[in-house]
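What follows is the residue order along each chain.
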Amino acid sequence: MSEKGSELSDIVNEKRAVDAQQASTLEAGDHVENLEETSETQPGATEPETHLEALQINNSEETDPDQVADVCSETFYPIGDKENGTVNHSEEKSVAPVEVYDSDQGDVNSQGKTVHKKTTFAPDVGNSTATVKMLLPEGHVMTLAFAIGFTIQDLKNHFANELKISSDIIQVSLDGSAVTDRDTLVDLGVQPHGTIQLEMSSIDPENHPIRPVKLQTEYNMPDVITVRVQAGTDAYQDVVVEIERATQRKTFLGGYRHKVTGTEFHHCAVQTVAKRPPGKGLETFCRDTQTVEVKSQAQQCSSTTATQMSKIGCHVSNMEDKLVPPGPYVTADECAFQKWKAIIVLQKYARRWLAKSQIHQLRHEKQERLDWLEREHARKLRDKEKQMEAEYRRRMNPQTKEDFALLYSALERWRKEEVERINATHAGAKRKGALCTLLNEETQHIASIGQHRLVAAKKNEEKAVQTLLEKCAAPKAWKSFDGKVTAMDTQNTIRARELQELYVSLSAQYRSPDDRLAVLQSLRDTVKEQDCKLTREIMDLICREADLMTREVKSANLEGLRKRISTLFLQYIKTPAFNPEVTRLLKVPPNAGQKRRKIYRCKACNSYLPCTGFSLSIGSSQMARCHRCMELDNEARHREDASLYRDILQHLRRAEAERHPQAKIIYLLQEQDLRYLVDVIWGAQSALSACDDLRDLVMVRWDRAEEWSPWNCVLLNKDEAPAHLKMESVREAYGTSFIRSVQHKHMLARNYFSEIPAMADRFDSTVCLPAAQSSAPASKPVSTATE
């Protein structure tokens, strides 16, 4: 290596040591910024002081351009790539004064670039820089290298440009004392390559605060850099190097991107082998058609080996040699046969594994099926127990008409069982005596049921009164757009709430006479506001009770009087003139004449009732008996419970409302009509399993594509109905004999329900077949009427 090359190497090492020493002196902070780094992150800036210094110095001693370019490229590409630009260098033969750009003054040339004016300093001052640490408010520090020949005004202009504020509001001070704009760093006692710490503040911190700039997150290559090269023992040369940008970018050779962080990882072509397309089975490239250069190249292995044979002058011992005899020759057929046997073994184990997997899957499905059946059986038992418990509670605590009908039905079953037992075990006079005893017991049970009915009627009446008062006193409520419910009280609701509280107080039991007198006084103040026959009668009864209480009459003797007062006050509450809120709850006919036209006479009890009080059957043409008379007749004669048929009808209506909201036929049927359909036509049992428990039977469509009707239905249990409704075609699912039996029941239902005028309109006259056709082969089922 030449002497000049060793000198350049020493210069590079010295430069790196100086940069490392300066970097270690920088203070850590959120906004510490090096002017050299800032200049490199802002390409195309028009102020040359962001590039450290723009100096042009000539050296009388010549320097090898290639070595200078190598030093520049190795020293001043900390982040970029040397391939992104080319390096040009310029030299001067003689030493010239240092020319420093002025950051404030400049003109624009013809190319649109800013040409700054230059300030000339002495060579011993202008070519030296110093490290300036500028303390900002809130403890932030900005550090940069600045020429010691610049003034404080130049420093302020630079920071004003960096901080995006005006230089007039910046005040620079040293050790608490303000410095003038004309002072230079030399005047402040800064030595070349020294360090000075200044404080920066704002003259108007409220309106124009100083905020530190943010660090650049990316690094960009500068357009011009300055390289200092040691030309001699004590002589240095500054060379200005211009970076030429590449006209095209490097080709993207592929890579990967992290889906979470977004980081891209690139790879070179030598690191990634191109994925070859799958072969087409044809030879598309041939060596003979290509231009191939064949050359031989010797290579040396990592370990050298050699062989030696016995020859003249060299003896090699064969004591450790082994004789390897050749094995039996294997023909192509034998090799194919061995492969065939190996394939059979592989197929055997593969098929064994597949069979085991299939068996395991079948066992798993079987176990799931058994578990499901067990759960369904347990669910059915629980449902059955719940039904029995509900029926037991209804018998022990009857409240409604259906509960008492259930009691009479159970009483009738008990009576029949006892009659059968007596007829089987007794005869003659003993049988008559046992029947007489049974009649007395039945009479006692009927009397007990009557007592329970009176108690239930009283409770139901009180509950109805409380419900009426609560509805009257309830505030007006509506749902707003956001889903919240808004409640509002009106004058009528407030009045109704006062009357409700007064009625509750009046009906309560009082131990002290003074409390009762206070309630009576409040009642008198309320009703005396209106003058009518009802209010006068209430006030007379109030005065009578108060007079009797002053005479110390027992409370038991006043029960009738107090009940009469409560009844009259309830009538007062139900009067719309005294309680306007009750108007919307009373069932008052809109027209008295229309009410008279819809009143009919019951032939059994000779009572005049509206049409809603009568029950019409399929064959009835006029009003016969009212609901009350029919209930009495059922309790005295048949004692049948229609709740099970009512449940079947309600289930059918819910299912049809979901499937076909416009259905009409299902709402024309009454409980007695459905009872005839279930008991007479379908025999009160499932068409498939012959299940006769009415609690488990439901009525569904026979053809699910058509509307439900008595001639398009089938009676099944709750387990069979869902499976039946999933069938696409009943003709393919069921046998011919079963389809014929179902169609026969449909014909019976059609003949019976044709008496209803509303249903007769839906019949098709072509569906009634002659009797001769009934014996024809059932190759095709009988078609049903469609709407």
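What counts, and where the lines are drawn
- Along every chain, residues carry numbers that run from 1 in the direction the sequence is written.
- Only residues with pLDDT of 70 or above have their local features reported here, since the model is predicted, and side-chain atom pairs are shown and tallied only from 80 upward, although totals for entire chains, interfaces and linings are computed over all residues.
- Just so you know, side-chain values use all the structure's heavy atoms and leave hydrogens and water out.
- Under the DSSP-based scheme used, a helix requires at least four consecutive residues in state H or I and a strand at least two consecutive residues in state E, with every element numbered from the N terminus.
- Throughout, exposure labels follow a simple rule: accessible area from a 1.4 Å probe, protein chains only, divided by the maximum for the residue type, with under 20% read as buried, over 50% as exposed, and the rest as partly exposed.
- Contacts: residue pairs with any heavy atoms within 4.5 Å of one another.
- Note on areas: Shrake-Rupley with a 1.4 Å probe; residue coverage comes only from the protein chains shown.
- Basic side-chain nitrogens of Lys or Arg form a salt bridge, by our definition, when they fall within 4 Å of a carboxyl oxygen of Asp or Glu.
- Take the buried Ala, Val, Leu, Ile, Met, Phe, Trp, Tyr and Cys residues and link them wherever side-chain atoms come within 4.5 Å; each set so joined is a nonpolar core.
- Cavities and pockets were defined on a 1 Å grid built over protein atoms only: a cavity is a set of grid points that admits a 1.4 Å probe from which the probe cannot escape, a pocket is an open set flanked by protein on both sides within 12 Å along at least five of seven lines, and lining residues are those with an atom within 4 Å of any such point.
- Grid points are joined across faces, edges and corners, and a volume is the space filled by probe spheres set on the points.
- pLDDT is a residue-level measure of predictor confidence that goes from 0 to 100.
- Take the number of residues in a helix, subtract one, and multiply by 1.5 Å to get its expected span.
- Two strands are said to pair when DSSP picks up at least two bridges between them.
- Axis definition: a line fitted to C-alpha atoms, over the contacting stretch in the case of helices. Angles run 0 to 180 degrees between N-to-C directions.
- When an angle is under 35 degrees it counts as roughly parallel; over 145 it counts as roughly antiparallel; between 65 and 115 it counts as roughly perpendicular; any other value is oblique.
- Note: crossing handedness is left-handed where the near helix turns anticlockwise from the far helix by less than a right angle, and right-handed where it turns clockwise.
- As a working rule, the residues Ala, Val, Leu, Ile, Met, Phe, Trp, Tyr, Cys and Pro are called nonpolar, Asp, Glu, Lys and Arg charged, and the rest polar, with Gly in that last group.
- Patch membership requires more than 30% relative accessible area and the absence of a salt bridge. Residues of like charge join within 9 Å; the nonpolar side chains Val, Leu, Ile, Met, Phe, Trp and Tyr join within 5 Å.
- Here a polar contact means two N or O atoms within 3.5 Å. Within protein one must be a hydrogen donor candidate and the other an acceptor candidate, and residues neighboring in sequence count only if both atoms are side-chain atoms.
- Two rings from Phe, Tyr or Trp (for Trp, the six-membered ring) form a pair when their centres are within 6.5 Å of each other. A pair whose planes differ by under 30 degrees is stacked, one over 60 is edge-to-face, and the rest are tilted.
- Counted as over-ring charges are cases with an Arg CZ or a Lys NZ within 6 Å of the ring centre that also lie within 35 degrees of the ring normal.

The chain goes by Ubiquitin-like domain-containing protein in an unreviewed UniProt entry, where it is assigned to Anguilla anguilla.

Asker: Tell me what's going on with the overall build of the chain, and back it up with residues and numbers.
Answerer: Summing up its helical and strand segments, the chain has 21 helices and 18 strands in all. Counting across all 787 residues of the chain, residues that qualify as buried make up 29%. In the chain, once contacts between residues fewer than 6 apart in sequence are set aside, the share between residues at least 24 apart is 58%. About 54200 Å² of surface is accessible on the chain, with carbon and sulfur atoms providing 52% of the total.

Asker: Tell me about the pattern of salt bridges, residues and numbers included.
Answerer: Counted according to the given criterion, the structure contains 34 salt bridges. In this structure, Lys 476 engages Glu 581 in a salt bridge whose closest nitrogen and oxygen atoms are separated by 2.9 Å. You can see Lys 476 sitting in strand 13 (residues 476-479) and its partner Glu 581 sitting in the loop between helix 12 (559-573) and helix 13 (592-597), a full 105 residues away along the chain. According to the relative accessible area criterion, Glu 581 is buried, its value standing at 4%. Among the salt bridges present, the one from Arg 551 reaches Asp 547, with a minimum N-O distance of 3.3 Å. What emerges from the salt-bridge pattern is a single network uniting Lys 384, Glu 391, Arg 395, Asp 693, Arg 695 and Asp 696.

Asker: Please set out the nonpolar core residue by residue, giving values where relevant.
Answerer: What tends to happen in soluble globular proteins is that the nonpolar side chains get buried as a cluster. With 32 residues, the main nonpolar core has Leu 674, Leu 677, Val 678, Trp 682, Met 699, Trp 702 and Trp 708 as its most contacted residues. Secondary structure elements with two or more residues in this core: helix 15 (643-659), helix 17 (671-681), strand 17 (697-701), strand 18 (713-717) and helix 20 (736-753). Among the elements that take part in this core, helix 20 stands out by supplying five residues, more than any other. In this view, Met 699 contacts Ile 648, Leu 652, Leu 674, Leu 677, Val 678, Trp 682, Trp 708, Cys 713, Val 714 and Leu 715; residues no more than four positions away in its chain are not counted. Membership of the second largest hydrophobic core comes to 25 residues, among which are Leu 136, Ile 170, Val 179 and Val 190.

Asker: Please give an account of the layout of surface pockets that cites residues and values.
Answerer: In this structure, the second largest pocket encloses a volume near 1200 Å³. Taken together, 34 residues form the lining of the second largest pocket, with His 627, Met 630, Glu 631, Asn 634 and Glu 671 sitting closest to its centre. Contributions of two or more residues to the lining of the second largest pocket are made by helix 7 (401-425), helix 8 (429-473), helix 14 (627-638), helix 15 and helix 17. For the lining of the second largest pocket, the leading source of residues is helix 14, giving eight residues.

Asker: Before we move on, could you go through the confidence of the model for the chain and cite the residues and values that matter?
Answerer: Across the chain, the average pLDDT comes to 75, with 73% of residues at or above 70. For the chain, per-element mean pLDDT is lowest for helix 2 (residues 35-40), which scores 35, and highest for helix 6 (residues 332-396), which scores 93. Counting contacts from residues 20-123, a segment whose pLDDT is below 50, to residues more than four positions away or on other chains yields 188 contacts.

Asker: Tell me about helix 8, and name the residues and values.
Answerer: An ideal rise of 1.5 Å per residue puts 66 Å on 45 residues; helix 8 measures up with 66 Å between its terminal C-alpha atoms. Taken together, the buried positions of helix 8 are occupied by Ala 434, Leu 438, Glu 442, Ile 449, Ala 456, Val 465, Leu 468, Leu 469, Cys 472 and Ala 473. Tucked inside the fold, the buried residues of helix 8 contact helix 7, helix 9 (491-507) and helix 12.

Asker: Could you give me a rundown of the pairing of strand 14 (residues 485-488), with the residues and numbers involved?
Answerer: The sheet contact formed by strand 13 and strand 14 spans four bridges and is antiparallel. If you follow Trp 478 over to strand 14, its bridge partner there is Thr 486. Counted along the chain from strand 13 to the antiparallel partner strand 14, the turn is five residues long, and its residue Gly 483 has a positive phi close to 90°.

Asker: Run through the sheet that holds strand 5 (residues 141-147), naming residues and quoting values.
Answerer: Strand order across the open sheet formed by five strands is 5-4-8-6-7, with mixed pairing between neighbours. Here the strands that pair on one side only, and so sit at the sheet edges, are strand 5 and strand 7 (177-178).

Asker: A description of the packing of helix 11 (residues 533-550) against helix 12 should follow, citing residues and the corresponding values.
Answerer: Packing of helix 11 against helix 12 leaves a shortest axis separation of 10 Å and a crossing angle of 155°. As summarised for this structure, helix 11 and helix 12 are arranged roughly antiparallel, according to the angle between their axes. Considering how the two elements wind past one another, helix 11 and helix 12 form a crossing that is left-handed. The segment helix 11 lies against helix 12, with Leu 534, Thr 535, Glu 537, Ile 538, Leu 541, Ile 542, Arg 544, Glu 545, Leu 548 and Met 549 engaging Leu 561, Arg 562, Arg 564, Ile 565, Leu 568, Phe 569, Gln 571 and Tyr 572. Of the residues that constitute the contact of helix 11 with helix 12, the class distribution is 11 nonpolar, two polar and five charged.

Asker: How would you explain a nonpolar patch on the surface if you had to name every residue and give the values?
Answerer: A contiguous nonpolar patch, built from Phe 337, Trp 340 and Ile 344 and spanning about 320 Å² of accessible area, is present on the exposed surface. When you line up the elements, Trp 340 lands in helix 6.

Asker: Please give an account of the side chain of Thr 526 that cites residues and values.
Answerer: Relative to the helices and strands, Thr 526 resides in helix 10 (residues 513-527). Its relative accessible area of 15% is what places Thr 526 among the buried residues. Within polar-contact distance, the side chain of Thr 526 engages the backbone oxygen of Ser 522 at 2.9 Å. Filtering out sequence-adjacent residues up to four positions away, Thr 526 remains in contact with Arg 495, Leu 499, Leu 502 and Tyr 572.

Asker: Let's hear about the packing of aromatic side chains: which residues, and what values?
Answerer: Centre distance and the angle of the planes are the two values used to describe a pair of aromatic rings. Scanning the model with the defined rule gives nine aromatic pairs in all. Between Tyr 572 and Phe 578, the aromatic rings sit 4.4 Å apart at their centres with planes inclined by 20°, giving stacked as the arrangement. Its relative accessible area of 0% is what places Tyr 572 among the buried residues. Judged by its relative accessible area of 11%, Phe 578 is buried. On the basis of an interplanar angle of 20° and a centroid distance of 5.6 Å, the ring pair of Trp 702 and Tyr 734 is categorised as stacked. Linking Trp 702 in the loop between strand 17 and strand 18 with Tyr 734 in the loop between helix 19 (730-733) and helix 20, this pair joins segments that are 32 residues apart in sequence. One cation-aromatic arrangement involves Arg 453 over Phe 404; the distance from NZ or CZ to the ring centre is 5.0 Å.

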